[in-house]
Each structure stands twice: as C-alpha cells, then as structure tokens.
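Descriptive analysis of the structure
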Amino acid sequence: LHTSLDAARSARRAGSREVTIFALESREELPTDEAELAAAEAEGIRIHFRHAVTRIDGEERVRGIAVAPVRRVFDDRGHFAPEIEHAAEERLEAD
C-alpha cells in the first residue's frame, strides 16, 4: 500500500482533481501506519476500504473501472484469500 499511497499523493500534487484508492483490507487490517493514511486523506485522497477493483475498462486509456465489496481478506487460517461480492459490483467512470 505504501507505493499506492505515494503514487496517489504524487498524482494529487501534480494537479489531479480527484484521486481514489481502493483497498482490499479494512483500515485496521492495512499493513501501513495510520499517520500515513491520515496524511493522504488530508491531501484529499479518498480511500475506499474493503473494495476490490474487478475490471479495468478502456483500450488506449482507462475509461472506467468496476469495483466490488470484499467480505473478507483472509481465510480462517489467516491466509490471503479475498472473498469478493461480485453481485454488488459497480462501474465507475475514470478520466
């Protein structure tokens, strides 16, 4: 997530009007420092927790993405095994 936050903050500083990150994990599950999240949010970056990007649309450039809620990220043994609610998928426009 550190790289995603760095890229998002750089995009915002370069003049992007809206920057959004989708994280599989909840805020508490993220392997990052709370201060880093707070700093990104203070710069206007939106973070959607427990959401997965399920599709990227576009040919030459991204036109939109599909995202869906994540029920859980880890299985009962603590292994990475995201469970995505595909029936609740929604499409978002991108520019």
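The structure under discussion appears in the preceding block.
Position numbers for residues count from 1 along each chain, tracking the sequence in the order it is written. Where totals are concerned, whole chains, interfaces and linings use all residues; where local detail is concerned, this predicted model gives features only for residues with pLDDT of at least 70, and gives and counts side-chain atom pairs only at 80 or more. Side-chain calculation: all heavy atoms of the structure are included, whereas hydrogens and water are not.

A run of H or I in DSSP counts as a helix once it spans at least four residues, and a run of E counts as a strand once it spans at least two, with each numbered from the N terminus. In terms of helices and strands, the protein chain carries two helices and six strands. Its helices and strands in sequence order give the protein chain the pattern α-β-α-β-β-β-β-β, from N to C terminus. By its C-alpha atoms, the protein chain is 45 × 35 × 20 Å across when sized along the principal axes. Throughout, the Shrake-Rupley method with a 1.4 Å probe supplies accessible areas, and for residues the shown protein chains are the sole cover considered. Carbon and sulfur atoms provide 48% of the accessible area of the protein chain, an area that totals close to 6200 Å².

Once that is clear, we can look at the side chain of R9. Residue position: R9 is located in helix α1 (residues 2-13). Ignoring any residue separated from it by four or fewer positions in sequence, one finds R9 in contact with A39, A40, E43 and I45. By definition in these notes, contact holds between two residues if any of their heavy atoms fall within 4.5 Å.

A side chain with one charge may pair with a side chain of the opposite charge, provided their charged atoms come close. Salt bridges are defined by distance alone: a side-chain nitrogen of Lys or Arg within 4 Å of a carboxyl oxygen of Asp or Glu. This structure, assessed with the given rule, holds 14 salt bridges. Across the pair E18 and R46 runs a salt bridge whose closest N-O atoms are separated by 3.2 Å. Remark: R46 occurs in strand β2 (residues 45-49) and E18 occurs in the loop between α1 and β1 (19-23); sequence separation between them is 28 residues. Burial here depends on accessible area, computed with a 1.4 Å probe over protein chains only, as a share of the maximum for the residue type. Under 20% is buried, over 50% is exposed, and the range in between is partly exposed. On the basis of relative accessible area, E18 is assigned to the exposed category, the value being 57%. Three or more residues are tied together by salt bridges with common partners; here these are R55, D57, E89, R91 and E93.

Coordinates in, geometry out; function isn't part of it.
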